[in-house]
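# Examining the three-dimensional arrangement
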Amino acid sequence: MSAKILDGKIAAEALLDSIKEDVQKLDPKLVVVQVGDNPASDAYVRQKFKSCERVGMRSEHIHLPVETTLDELMGTIERLNSDDDVSGFIVQMPLPDALQAHAPQVIRAIDPKKDADGFTAYNLGKVFLSTEFEHLPPATPSGVVHMLEHYEISAEGKHVVILGRSNIVGKPLAVMLINRGATVTVCNSKTKNLKELSAGADILISAIGKPKFVTEDMVKEGAVVIDVGISRTDDGLTGDVDFDLVSKKASAISPVPGGVGPNTVASLVRNCLIAKKRQSEN
Ligand code: GUN
């Protein structure tokens with residue numbers, strides 16, 4: 001079998017096109033706060049502004065120097081929280097070494113109403129209730145769910161195995177798929193018989209950041225494989241999945257790059273629009 005390629009760019013463009021009209025009506029503004037010059041962050045931030053441009057959303061880049069103090073960063077967040085012209089904002093992660101240990105405190109400072117990344121406890125907590133309350137869901141899980149929906153892959157009744165239990169991908173993604181009727185197993189680096197579990201998945205989603213970790217013996221014939229991992233290697237950007245081998249066994253597979261990534265960005269842009277809508281209703 002040769003797998004159908006789940007082209008993430010096509011799915012993301014469909015999502016962006018679907019919100020264009022509302023963006024034009026409501027005129028939201030997204031602000032990206034970046035501290036320092038991590039090359040991977042530079043690339044991600046460029047993608048975010050490109051997607052804003054595609055839908056005609058206003059955006060601003062607040063690029064702070066690497067030596068920015070926690071107080072200065074907190075001051076920027078407070079200013080964005082109280083600026084009525086700012087609909088949503090994000091603080092690009094990772095922060096420079098001197099600030100990274102304070103990331104939880106930084107995220108806590110973001111007004112949940114403007115939390116376009118869906119990283120705050122309030123927005124993560126609402127995801128637990130039901131699909132109806134997924135107002136500002138975390139952008140990467142939301143991007144995965146959109147990809148599945150775009151390619152008409154239902155999670156209902158399926159056994160989904162997720163590799164990775166992070167607060168911004170694995171855990172909330174598990175909850176969002178439970179909300180959609182899936183039976184979900186979440187694995188971590190200590191999981192026993194991981195190969196057996198992953199080989200039982202109807203939908204296998206990897207979000208661990210280990211290049212080519214998922215080999216064909218870990219995949220059931222005909223499974224759907226979604227690769228959230230992205231690592232910089234000597235061969236360029238590489239996903240968690242050994243694409244060449246696994247694509248011979250799976251029924252559908254998302255590539256890296258050009259898979260989940262563009263859908264994360266499109267979901268972030270959609271979140272900013274939703275934030276604006278909800279602010280105008282209050
Ligand atoms: N770094 C890598 N991905 C992301 C993301 O989705 N949001 C933020 N804020 N930082 C990131």
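Scroll up for the structure.
Below is a summary of the structure that appears in this document. (Residues numbered from 1 in each chain as written. Predicted model: local features only at pLDDT ≥ 70, side-chain atom pairs only at ≥ 80, totals over all residues. Heavy atoms only, no water.)

### A few points about the sheet that holds strand β11 (residues 252-253)
As summarised here, the arrangement of the six strands in space is β1-β11-β8-β7-β5-β6, forming an open sheet in which the pairing is parallel. Whereas interior strands pair on both sides, the edge strands pair on one side only; in this sheet they are β1 (4-5) and β6 (183-187). Where strand β5 (residues 159-163) and strand β7 (residues 203-206) come together, four bridges link them in parallel fashion. Following the sheet pairing, V161 is matched in β7 by L204. (Pairing = 2+ DSSP bridges. Helix = DSSP H or I, 4+ residues; strand = E, 2+ residues; numbered from the N terminus.)

### A few points about the environment of F119
Within the secondary structure, F119 sits in the loop between α5 (103-109) and α6 (121-127). The class for F119 is buried, based on a relative accessible area of 18%. Sequence separation between F119 and K276 is 157 residues; the distance between their C-alpha atoms is 17 Å. Leaving out residues up to four positions away in the same chain, F119 has contacts with M93, I107, L124 and I168. (Buried < 20%, exposed > 50% of the residue type's maximum accessible area, 1.4 Å probe, protein only. Contact = heavy atoms within 4.5 Å.)

### Observations regarding the sheet that holds strand β2 (residues 29-35)
An order of β3-β2-β4 is seen for the three strands of this open sheet, with the pairing classed as parallel. Of all strands in the sheet, those with a lone pairing partner are β3 (58-64) and β4 (88-91), marking the two edges. The average angle at which neighbouring strand axes cross in this sheet is 15°, direction not considered. Sheet analysis places β2 next to β3, joined by seven bridges and oriented parallel. Within β3, the residue paired with V32 across the bridge is H61. (Axes fitted to C-alpha atoms, helices over the stretch in contact; angles between N-to-C directions.)

### Points about helix α8 (residues 170-179)
Counting buried positions along α8 gives seven out of 10 residues, so the element sits mostly inside the fold. Along α8, the positions that sit buried rather than exposed are G170, P172, L173, A174, V175, M176 and L177. If you follow the buried residues of α8, they end up packed against α6, α7 (139-150), β5, β6 and β7. Remark: G181 follows α8 within two positions and exhibits a positive phi of approximately 90°.

### Section: the packing of helix α1 (residues 8-26) against α7
Contact geometry of α1 with α7 gives a least axis separation of 10 Å together with a crossing angle of 95°. The orientation of α1 relative to α7 falls into the category roughly perpendicular. The residues of α7 that touch α1, namely those facing G8, I10, A11, A12, A14 and L15, are H146, M147 and H150. Grouping the constituent residues of the contact of α1 with α7 by class yields six nonpolar, three polar and no charged. (Parallel < 35°, antiparallel > 145°, perpendicular 65-115°, else oblique. Nonpolar A, V, L, I, M, F, W, Y, C, P; charged D, E, K, R; others polar.)

### Quick word on a nonpolar patch on the surface
Together, Y44, I230 and L237 make up an exposed nonpolar region whose accessible area comes to about 240 Å². Checked against the element boundaries, Y44 lands in helix α2 (residues 39-55). Taking the relative accessible area as the measure of exposure, Y44 reaches 36% and is therefore partly exposed. (Patch = residues over 30% accessible without salt bridge, like charges linked within 9 Å, V, L, I, M, F, W, Y side chains within 5 Å. Areas by Shrake-Rupley, 256 points an atom, 1.4 Å probe, with all protein chains shown as cover. Salt bridge = Lys/Arg side-chain N within 4 Å of Asp/Glu carboxyl O.)

### Observations concerning the nonpolar core
If you look at the biggest cluster of nonpolar residues, it comprises 27 residues, and the most contacted ones within it are L6, V144, L177, I205, V224, I226 and V228. If you list the elements that add at least two residues to this core, you get α7, β5, α8, β7 and β8 (224-227). The leading source of residues in this core is α8, at five residues. The residues contacting L177, other than those within four sequence positions of it, are V145, L148, A155, V160, I162, A182, V184 and I205. A12, V23, F49 and A139 belong to the second largest nonpolar core, which has 20 residues in total. (Core = buried A, V, L, I, M, F, W, Y, C linked by side-chain atoms within 4.5 Å.)

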